[in-house]
Amino acid sequence: MTKEKTQWYASWFDTPYYHILYKDRDHEEAHQFMDNLTNYLNLPEDGKVLDLACGKGRHSVYLNSLGYNVTGLDLSENSIEYAKQFENDTLRFEVHDMCKPYNEKFDAVFNLFTSFGYFDKDEDNLNTIKAIKEDLNEFGFGVIDFMNTDFIIENLVAEDVKTVEGIDFHQKRYVKDGYIIKDISFTADGENYNFQERVKALTLKDFEALFEKAGVFLLDVFGDYKLRKYYKTTSERLVMIFK
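Residues numbered from 1 in each chain as written. Predicted model: local features only at pLDDT ≥ 70, side-chain atom pairs only at ≥ 80, totals over all residues. Heavy atoms only, no water.

Side note on the side chain of glutamine 171
Step number 1: Within the secondary structure, glutamine 171 sits in strand E7 (residues 167-176).
Step number 2: Note on glutamine 171: relative accessible area 3%, which makes it buried.
Step number 3: Here the side chain of glutamine 171 touches lysine 182 through a polar contact of 3.2 Å, side chain to side chain.
Step number 4: Not counting residues up to four positions away in its chain, the partners in contact with glutamine 171 are Leu21, Ala158, Glu159, Asp160, Lys162, Lys182 and Asp183. (Helix = DSSP H or I, 4+ residues; strand = E, 2+ residues; numbered from the N terminus. Buried < 20%, exposed > 50% of the residue type's maximum accessible area, 1.4 Å probe, protein only. Polar contact = N/O pair within 3.5 Å; in protein donor to acceptor, adjacent residues only side chain to side chain. Contact = heavy atoms within 4.5 Å.)

Okay, here's the thing in structure tokens:
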């Protein structure tokens, strides 16, 4: 087994197997989403964008190519180490805990691809929104792109096997104690691995309560990456714009 760390995401996101399992993520869709989002927010041409929980930096790199001054932050040292190869004068990456403010002001803070709700402590969800608020300038926008839990739970595939690079990833999904949980087990390089992903099953109502506590205003809600209307039962995403 890999070295145990306290939070599941700290150990799982730091393994190469996490990136193997999710290597087929749709870059074109991610780019289209960034185009739609930056146009909608009408960000200044060389505006400052914070990509919070940036992973290996795919969104950051693309946002930077659009002309924005981008900072990517993530808890995973491995991911940041990988992302640093893309750094330039207007693109940088750092290891940072998103529950805490970064103490710089941005035109937009993006938290993308369900990079929220991982925490064991509920107050850390609130702290993250407070930190985003703290890092926004006077005209800045916060964006949280979360899964639509109502849709996900309704369409949960209980079990499947995904084979990537010759590794059979056995995936089991279920809802327990207010979390959507995925157990992932596989054998690689002669070793057996077991990991778990746990994401709080937050609904729009839950976010509205968090926003109110954090003192931010929810401006808009979208249901997909084309920024179409949000529907509780059929939308795949929950994209929230606030300030």
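Here we look at the packing of helix H6 (residues 122-134) against helix H8 (residues 204-214)
Step number 1: Remark: H6 packs on H8, axes separated minimally by 9 Å, with the N-to-C direction vectors making an angle of 55°. In terms of orientation, H6 lies oblique with respect to H8. Here the hand of the crossing between H6 and H8 comes out right-handed. Listed contacts from H8 to Asn125, Leu126, Ile129, Lys130 and Lys133 of H6 are Leu210, Phe211, Lys213 and Ala214.
Step number 2: Looking at the contact of H6 with H8, its residues break down into 5 nonpolar, 1 polar and 3 charged. (Axes fitted to C-alpha atoms, helices over the stretch in contact; angles between N-to-C directions. Parallel < 35°, antiparallel > 145°, perpendicular 65-115°, else oblique. Left-handed = near helix turned anticlockwise from the far one by under 90°. Nonpolar A, V, L, I, M, F, W, Y, C, P; charged D, E, K, R; others polar.)

Digging into the packing of helix H3 (residues 27-41) against helix H4 (residues 58-65)
Step number 1: Direction vectors running N to C along H3 and H4 enclose 50°, while the axes themselves pass 10 Å from each other. Relative to H4, H3 is oriented oblique. At the point where H3 passes H4, the crossing takes the right-handed sense. Between H3, through His27, Ala30, His31, Met34, Asp35 and Thr38, and H4, the contact on the second element is made entirely by Arg58, His59, Tyr62 and Leu63.

With respect to the sheet that holds strand E8 (residues 179-188)
Step number 1: Taken together, 4 strands build an open sheet; the order of strands is E6-E7-E8-E9 and the sheet is antiparallel. The open sheet is flanked by strand E6 (159-164) and strand E9 (191-200), the only strands paired with a single partner. When the angles between neighbouring strand axes are averaged without regard to direction, this sheet yields 20°.
Step number 2: With 6 bridges connecting them, E6 and E7 associate as antiparallel partners. Residue pairing across strands places aspartate 160 opposite glutamine 171, the latter belonging to E7. (Pairing = 2+ DSSP bridges.)

Topic: H8
Step number 1: Within the sequence span of H8, burial applies to Leu204, Phe207, Leu210, Phe211 and Ala214. End-on, the buried residues of H8 take up no more than an arc of 120°, which puts them together on one face. What points out from H8, more than 90 degrees from its buried face, is the exposed set Lys205, Glu212 and Lys213.
Step number 2: Buried residues along H8 sit in contact with H6, strand E5 (136-147), strand E10 (218-222) and strand E11 (237-242).
Step number 3: Residue glycine 215 follows H8 closely and has a positive phi angle near 75°. (Arc of directions from axis to C-beta.)

A look at the sheet that holds E10
Step number 1: With mixed pairing, the 7 strands of this open sheet are ordered in space as E3-E2-E1-E4-E5-E11-E10. A strand with exactly one partner marks an edge of an open sheet, and here the two such strands are strand E3 (91-95) and E10. Across the sheet, the mean angle from the axis of one strand to that of its neighbour is 15°, orientation sign disregarded.
Step number 2: Of the strand pairs in this sheet, strand E4 (residues 106-111) and E5 are connected by 5 bridges, and their pairing is parallel. Opposite alanine 108, over in E5, you have phenylalanine 141 as the bridge partner.
Step number 3: In this fold H8 packs onto E5, E10 and E11, with an angle of close to 20° to the strand it touches most, E11.

A few points about the pattern of salt bridges
Step number 1: All chains considered together, the criterion is met by 10 salt bridges.
Step number 2: For aspartate 150, the salt bridge identified is with lysine 232, shortest N-O distance 3.4 Å. One end of the pair, aspartate 150, is in helix H7 (residues 149-154); the other, lysine 232, is in the loop between E10 and E11, and 82 residues separate them in sequence.
Step number 3: The partly exposed category is assigned to aspartate 150, whose relative accessible area is 26%.
Step number 4: Between aspartate 224 and arginine 228 there is a salt bridge, with its nearest N and O atoms 2.6 Å apart. (Salt bridge = Lys/Arg side-chain N within 4 Å of Asp/Glu carboxyl O.)

A word on the packing of aromatic side chains
Step number 1: One pass over the full model with this rule turns up 19 aromatic pairs.
Step number 2: Ring centres 5.5 Å apart and planes at 85° place the aromatic pair tryptophan 12 and tyrosine 18 in the edge-to-face group. By the burial criterion, tryptophan 12 is buried, and tyrosine 18 matches it.
Step number 3: Taken together, the ring pairs in this structure connect Trp12, Tyr17, Tyr18, Tyr22, Phe169, Phe186, Tyr193 and Phe195 into an aromatic cluster. (Phe/Tyr/Trp six-rings, centres within 6.5 Å; stacked < 30°, edge-to-face > 60°.)

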